[in-house]
Protein chains: 2
Amino acid sequence: MPPTATLSRRERKKLETHRALSTAARELALASGLDGLTVEEIADAADVSVRTFFNYFSCKEEALVGVEPAVLDELGAELEHRPADEAPLDALKAVLASGVDDVEEAMRRWSLRTELVRRHPSLLPRHLAALAEIEAALVRALTARLGTDPTDPFPAVAVAAAMGALRAAVSSWEDAGRKGSLDDAVDAAFATLAAGLPAPRTRKGRR
Amino acid sequence: MPPTATLSRRERKKLETHRALSTAARELALASGLDGLTVEEIADAADVSVRTFFNYFSCKEEALVGVEPAVLDELGAELEHRPADEAPLDALKAVLASGVDDVEEAMRRWSLRTELVRRHPSLLPRHLAALAEIEAALVRALTARLGTDPTDPFPAVAVAAAMGALRAAVSSWEDAGRKGSLDDAVDAAFATLAAGLPAPRTRKGRR
């Protein structure tokens, strides 16, 4: 869920086209399969030319589960330039989960992606590579932001823990029937993480 | 890295055979590829019968990247029965990263697995399913241990954050040329997590 608040109009326009193409590709692949899907169909569905498609992606698989380098750069820049006195977790939360105009829309795009990978395991390596690229971009940006030595494990540990907590918060919220707002669920998960993951008070009364 | 300290002799023997078969399967697949590999070869290399192989696994792919249900049960039981007053993160660390007699040996087995998946992406879905099963078993056990409501996101958030931190700690330690002990690196990552991931002190002097 890349933030959009800091983008210029031209960049926002590019991101919109990128998303329109990805969403069209995913919907078409889910509706009628992967094998027969052509770049022409995807471009048509997003109302752009084939040439425009290839300005964004090198092949249909990349449109389905890739990640645009510009999006990675933007994600990293956003994290690096959060207020200097903001704690690492707050900065990560802001970049990963806030600033999204429409959480439901972001969720819908993500669900299309995961459903697609579930149905077509051949997309898995590229999907995982995209996740690893997002993680690596965040680690680089957090390292720059904090001024830590490149061998300091802190940024990698913080990003992995934050991405894990975010994933678990979204899954738990879905499993519990989407009760309450997703924003609140994500906030609660990050607050638990910032508190050092103490055991919640329960009927067993353990700490 | 399942713990071995609490196993009976019979269970330990089973775990040893399971590991011998998995390791043999991985070494053979890495040496001469996946396609021609037979269950007979794997059983021979582990010095057991084909019938014994099928007591543990339903096919060669499962030996390569599956996870034995008994290992999942043991992992869950171990977490559930850690001392009652132990904090969630300490209990998770104990189950995930301690009690391993030989860290180098556990690392070697894990490296064989990840290298195999890298070379043969067809194994990825089963590999990810195994990771998800391990995570789910830990979440169930932590829920039981804490007595939290099944819809409480805490156990899922804690397990995902702990597994992310562990993975990042091991990767950072490898990337930094394996300086110092892996145990110390894992301890430091869990201590950072328990402290709520505060920024380390650096030349930039940010908090």
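Look above for the structure.
Attention in this report is confined to the structure presented alongside it.

Rules of the game
All residue numbers refer to position in the chain's written sequence, counted from 1. Labels are handed out in written order, letters beginning with A for the chains and numbers beginning with 1 for the ligands. This being a predicted model, a pLDDT of at least 70 is required before a residue's local features are given, and a value of 80 or more before pairs of side-chain atoms are given or counted; all residues contribute to the totals for chains, interfaces and linings. Contact criterion: two residues are in contact if their C-beta atoms, reconstructed from the backbone, are within 7 Å. Only DSSP runs of H or I covering at least 4 residues are called helices, and only runs of E covering at least 2 are called strands; the numbering of each starts at the N terminus. Gly is placed with the polar residues, together with every amino acid not listed as nonpolar (Ala, Val, Leu, Ile, Met, Phe, Trp, Tyr, Cys and Pro) or charged (Asp, Glu, Lys and Arg). What counts as an axis is a line fitted to C-alpha atoms, over the stretch in contact for a helix, and the angles between N-to-C directions run from 0 to 180 degrees. In this scheme, a crossing is called left-handed if the near helix is turned counterclockwise away from the far one by less than a right angle; it is called right-handed if the turn is clockwise. Residues below a pLDDT of 70 in either copy are left out; the C-alpha atoms of the rest, at least 70 in both, set the least-squares superposition of the copies. Put plainly, a residue is buried at 20 or more neighbouring C-beta atoms within 10 Å of its own, exposed at 12 or fewer, and partly exposed in between, counting only other residues' C-beta atoms, which are placed from the backbone.

**Details of the interface of chain A and chain B**
For step 1, the next point in the chain: Across the boundary between the two partners, chain A contributes 45 residues, which contact 45 residues of chain B.
For step 2, the next point in the chain: The set of elements that each furnish at least two residues to the side of chain A that touches chain B consists of α6 (88-97), α8 (124-146), α9 (154-175) and α10 (182-194) of chain A.
For step 3, the next point in the chain: Residues of the side of chain A that touches chain B, tallied by class, amount to 29 nonpolar, nine polar and seven charged.

**Comments concerning the packing of helix α5 (residues 69-80) of chain A against α6(A)**
Residues and elements named next belong to chain A.
For step 1, the next point in the chain: The N-to-C vectors of α5 and α6 enclose an angle of 145 degrees; their axes lie 9 Å apart at closest approach. Crossing handedness for the pair α5 and α6: right-handed. Residue-level inspection shows Leu-75, Glu-78 and Leu-79 of α5 in contact with α6, the latter providing Ala-91, Leu-92 and Val-95.
For step 2, the next point in the chain: Considering only residue class, the contact of α5 with α6 consists of five nonpolar, no polar and one charged.

**A few points about the relation of the copies chain A and chain B**
For step 1, the next point in the chain: Once chain A has been moved 0.0 Å along the axis and rotated by 180 degrees, it coincides with chain B to within an RMSD of 0.0 Å. This pairing of chains is accounted for by a two-fold axis.
For step 2, the next point in the chain: Looking at chain A, 100% of its interface residues are interface residues in chain B too, so the copies touch through the same face.

**Points about helix α6 (residues 88-97) of chain B**
For an α-helix, 3.6 residues make a turn, and residues three or four places apart therefore share a direction.
For step 1, the next point in the chain: Burial within α6(B) is extensive, with eight of its 10 residues counted as buried.
For step 2, the next point in the chain: Taken together, the buried residues of α6(B) touch α5 (69-80), α8 (124-146), α9 (154-175) and α10 (182-194) of chain B.

**Re unusual backbone geometry**
For step 1, the next point in the chain: The phi dihedral of A:Asp47 is positive, around 60 degrees, even though this residue is not glycine.
For step 2, the next point in the chain: Looking at the secondary structure, you find A:Asp47 in the loop between α2 (39-45) and α3 (50-56).
For step 3, the next point in the chain: A residue is classified by how many C-beta atoms lie within 10 Å of it, and A:Asp47, with 11 of them, is exposed.
For step 4, the next point in the chain: In the Ramachandran plot, B:Leu197 falls in the positive-phi region, its phi being about 55 degrees despite a non-glycine side chain.
For step 5, the next point in the chain: Tracing the backbone shows B:Leu197 in the segment after α10.
For step 6, the next point in the chain: Look at B:Leu197 and you get buried, because 25 C-beta atoms sit within 10 Å.

In short, shape yes, function no, at least from these values alone.
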